[in-house]
Amino acid sequence: KTIYYNSSYGPGENNPILATSSIEKVVFGGTSLPQSACRNIKNLKEVVILDSIEVIPEAAFEGCSTLVKVRVGNGVSLIEDYAFSGCSELEEIKQR
């Protein structure tokens, strides 16, 4: 299952779509990525962050133990501490 997330949805922790455990891929657009946006989503395998996002915030993907690959847009200039903490299967973070 793929989710297209736009920052206009509101904070990730309050978004019921991102609380769904069946998510395998998330595409982030809009102007910002919420702190802890995908924290502890256990089936997440892939993340795409579009060019409009500038910062990957603290703990954005913390605990996503099945996350394998991340595609980062050209707009990202900062990856904050612990953004990928606990992502034990993460193999690559590539710029798109």
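Just above sits the structure.
Note that the coordinates shown come from a computational prediction; the quantities given were computed from them, not determined experimentally.

*Asks:* Go over the environment of Q95 with me, naming the residues and quoting the values.
*Replies:* Its place among the elements puts Q95 in strand β7 (residues 92-95). The exposure class assigned to Q95 is exposed, which follows from its relative accessible area of 55%. Along the sequence, Q95 and L50 sit 45 residues apart, while their C-alpha atoms lie 10.0 Å from each other. Not counting chain neighbours up to four residues away, the residues in contact with Q95 comprise V72, G73 and N74. Only 3.2 Å separates the side chain of Q95 from the side chain of N74, close enough to count as a polar contact.

*Asks:* How would you explain the sheet that holds strand β2 (residues 25-29) if you had to name every residue and give the values?
*Replies:* Pairing in this open sheet of five strands is parallel, and the strands run β1-β2-β3-β5-β7 from one edge to the other. Of all strands in the sheet, those bounded by a partner on one side alone are β1 (2-6) and β7. The mean inter-strand angle of the sheet, taken between neighbouring strand axes irrespective of direction, is 15°. Pairing of strand β5 (residues 69-72) with β7, which is carried by four bridges, proceeds in the parallel orientation. Counted as the bridge partner of R71 is K94 from β7.

*Asks:* Give me the pairing of β1: which residues, what numbers.
*Replies:* Burial of the side chains of β1 is restricted to one face: I3 and Y5 are buried, whereas none of T2, Y4 and N6 on the reverse face is. Relative to β2, β1 runs parallel, the two sharing five bridges. Paired with I3 across the two strands is V26, which belongs to β2.

*Asks:* How would you explain the side chain of E46 if you had to name every residue and give the values?
*Replies:* Structurally, the position occupied by E46 is in strand β3 (residues 46-49). No salt bridge is formed by the buried E46, whose closest oppositely charged neighbour, K25, lies at an N-O distance of 4.1 Å. Leaving out residues up to four positions away in the same chain, E46 has contacts with E24, K25, V26, L67 and K69.

*Asks:* For unusual backbone geometry, give the residues involved together with the corresponding values.
*Replies:* The phi dihedral of N40 falls on the positive side, at around 65°, and the residue is not glycine. Mapping N40 onto the fold places it in the loop between β2 and β3. According to the relative accessible area criterion, N40 is partly exposed, its value standing at 43%. Of note in this structure, A59 is not a glycine but carries a positive phi near 60°. Note on placement: A59 falls in the loop between β4 (55-56) and β5. The exposure class of A59 is buried, given its relative accessible area of 5%.

*Asks:* Requested: an account of the nonpolar core, with residues and values cited.
*Replies:* The biggest cluster of nonpolar side chains holds 24 residues, and the ones touching the most others in it are F28, L33, L44, I49, I56, F61 and L67. Where this core is concerned, the elements lending two or more residues are β1, β2, β3 and β5. Excluding anything up to four places from it in sequence, L44 contacts I23, E24, K25, V26, C38, F61, C64, T66 and L67.

Rules of the game
Residues numbered from 1 in each chain as written. Predicted model: local features only at pLDDT ≥ 70, side-chain atom pairs only at ≥ 80, totals over all residues. Heavy atoms only, no water. Helix = DSSP H or I, 4+ residues; strand = E, 2+ residues; numbered from the N terminus. Buried < 20%, exposed > 50% of the residue type's maximum accessible area, 1.4 Å probe, protein only. Contact = heavy atoms within 4.5 Å. Polar contact = N/O pair within 3.5 Å; in protein donor to acceptor, adjacent residues only side chain to side chain. Pairing = 2+ DSSP bridges. Axes fitted to C-alpha atoms, helices over the stretch in contact; angles between N-to-C directions. Lys, Arg positive; Asp, Glu negative; His and termini not counted. Salt bridge = Lys/Arg side-chain N within 4 Å of Asp/Glu carboxyl O. Core = buried A, V, L, I, M, F, W, Y, C linked by side-chain atoms within 4.5 Å.

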